[in-house]
Amino acid sequence: MLIEKYRNLQDILQKMESVVVAFSGGVDSTFLLKAAIDTLGYDNVLAITADSETYPSSELKEAIMLTKWIGANHRVIQTSELAIPGYKENNQNRCYFCKSSLFDHLLPILEEYEFKNIIYGVIADDANEFRPGMKAAKEKGIRGPLLEADLFKEEIRVLSKEAGLPTWDKASFACLSSRIAYGDIITKEKLTKVDKSEAYIKSLDIHQVRVRTHEDTARIEVEPDDMPRVLQYHVAITKRLKQFGYKYVSMDLTGYASGSMNMALKKEEML
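Thresholds applied
Residues numbered from 1 in each chain as written. Predicted model: local features only at pLDDT ≥ 70, side-chain atom pairs only at ≥ 80, totals over all residues. Heavy atoms only, no water. Pairing = 2+ DSSP bridges. Helix = DSSP H or I, 4+ residues; strand = E, 2+ residues; numbered from the N terminus. Axes fitted to C-alpha atoms, helices over the stretch in contact; angles between N-to-C directions. Contact = heavy atoms within 4.5 Å. Phe/Tyr/Trp six-rings, centres within 6.5 Å; stacked < 30°, edge-to-face > 60°. Buried < 20%, exposed > 50% of the residue type's maximum accessible area, 1.4 Å probe, protein only. Lys NZ or Arg CZ within 6 Å of the ring centre and 35° of its normal. Core = buried A, V, L, I, M, F, W, Y, C linked by side-chain atoms within 4.5 Å. Parallel < 35°, antiparallel > 145°, perpendicular 65-115°, else oblique. Left-handed = near helix turned anticlockwise from the far one by under 90°. Nonpolar A, V, L, I, M, F, W, Y, C, P; charged D, E, K, R; others polar.

Caption draft 1: Inspection of the sheet that holds strand β3 (residues 73-78) at higher detail. Spatially, the four strands line up as an open sheet ordered β3-β2-β1-β4, and their pairing is parallel. Of all strands in the sheet, those with a lone pairing partner are β3 and β4 (117-119), marking the two edges. Averaged over all pairs of adjacent strands, the angle between strand axes in this sheet comes to 25 degrees, irrespective of strand direction. Contacting β2 (45-51) and β3, helix α3 (residues 57-70) runs over the sheet at an angle of about 160 degrees to β3.

Spelled out as structure tokens, the structure:
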């Protein structure tokens, strides 16, 4: 079954002929980049990483390292989500504005290289979640081969491990803006505060973490198995996060949940 899905992915990519890959360095985009090069060859694939205020600082270095490891053509471009009209106001369509702007940056590069398609790492899991960015992709003709091949996250991890990719067990990550409660204005200072806080908690050997930000309160999400470690270092964590600018520091007993900020949205806001 999984082999058939991978062959289907290769068929989809083969028909595309040449691709620009929106590359973040995460599990999905890394596997997509590797599959594209294996299918289309080095000269027909270009990875583009958008460096901005919302991109975790540690991820850019890793993205560069991964493209070298894979052997991919790679360019880093500078973008600014905070300059996008409607983005910093942080309503439920924030991701739509972000993805729309990203694809607008990639389209001229597609023309420059005379390639045929832009692709990104949307996966089958995303089809069942609130993902406004998918609407922007559809509007601009951006393809999602992993979704088209019906590949789910855990399947991508299995295939990544078989391919020898170091990202097969990498923790999931999303842009830093996803940590800030809807309706709270997004600022560079808030994004930096989140970035520093998560980097510190990860330095304590905690694999998956989100520091959800509700005005001056930090709500820490980790996997249940890591909760005892957070409690072990609760004094140090509280002290450090307060130094970064939080007044209150808490841990969410529900544990890490992808897109947990969406739980505050009403159903009609997610249509």
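Caption draft 2: Region of interest: the packing of aromatic side chains. Using the criterion set out here, one finds four aromatic pairs in the structure. Look at Y96 and F97: their rings are 5.9 Å apart centre to centre, the planes differ by 70 degrees, and that puts the pair in the edge-to-face class. According to the relative accessible area criterion, F97 is partly exposed, its value standing at 24%. The lysine or arginine in question, K135, covers the ring of Y96, its NZ or CZ lying 5.6 Å from the ring centre. Just above the ring of Y246 sits the side chain of K193; from NZ or CZ to the centre is 4.3 Å.

Caption draft 3: A look at the environment of R7. Here R7 lies in helix α1 (residues 2-16). Taking the C-alpha atoms as reference points, R7 and A50, separated by 43 residues in sequence, lie 29 Å from one another.

Caption draft 4: Expanded view of the nonpolar core. Core analysis: the largest hydrophobic core is formed by 32 residues, its most contacted members being L9, V19, F31, L33, V45, L146 and L151. Those elements that place two or more of their residues in this core are α1, β1 (19-22), α2 (27-40), β2, α3 and α7 (153-162). Broken down by element, the residue count for this core peaks at eight residues, all from α2. Every residue in contact with L151, bar those within four places of it in the chain, is listed here: L2, K5, L9, F31, I123, A124, D125, L146, I156 and L159. With 23 residues, the next largest nonpolar core counts L176, V211, M227 and L241 among its residues.

Caption draft 5: Quick peek at the packing of α1 against α2. Two elements in contact, α1 and α2, have axes separated by 9 Å at closest approach and are oriented at 65 degrees. One element, α1, and the other, α2, form an angle in the roughly perpendicular class. For α1 against α2, the interelement crossing comes out right-handed. Where α1 approaches α2, its residues Y6, L9, Q10, L13 and Q14 are matched on the opposing element by F31, A35, A36, D38, T39 and L40. Each residue belonging to the contact of α1 with α2 can be placed in one class, and the counts come to seven nonpolar, three polar and one charged.

All quantities given are derived from atomic positions and should not be read as evidence of function.
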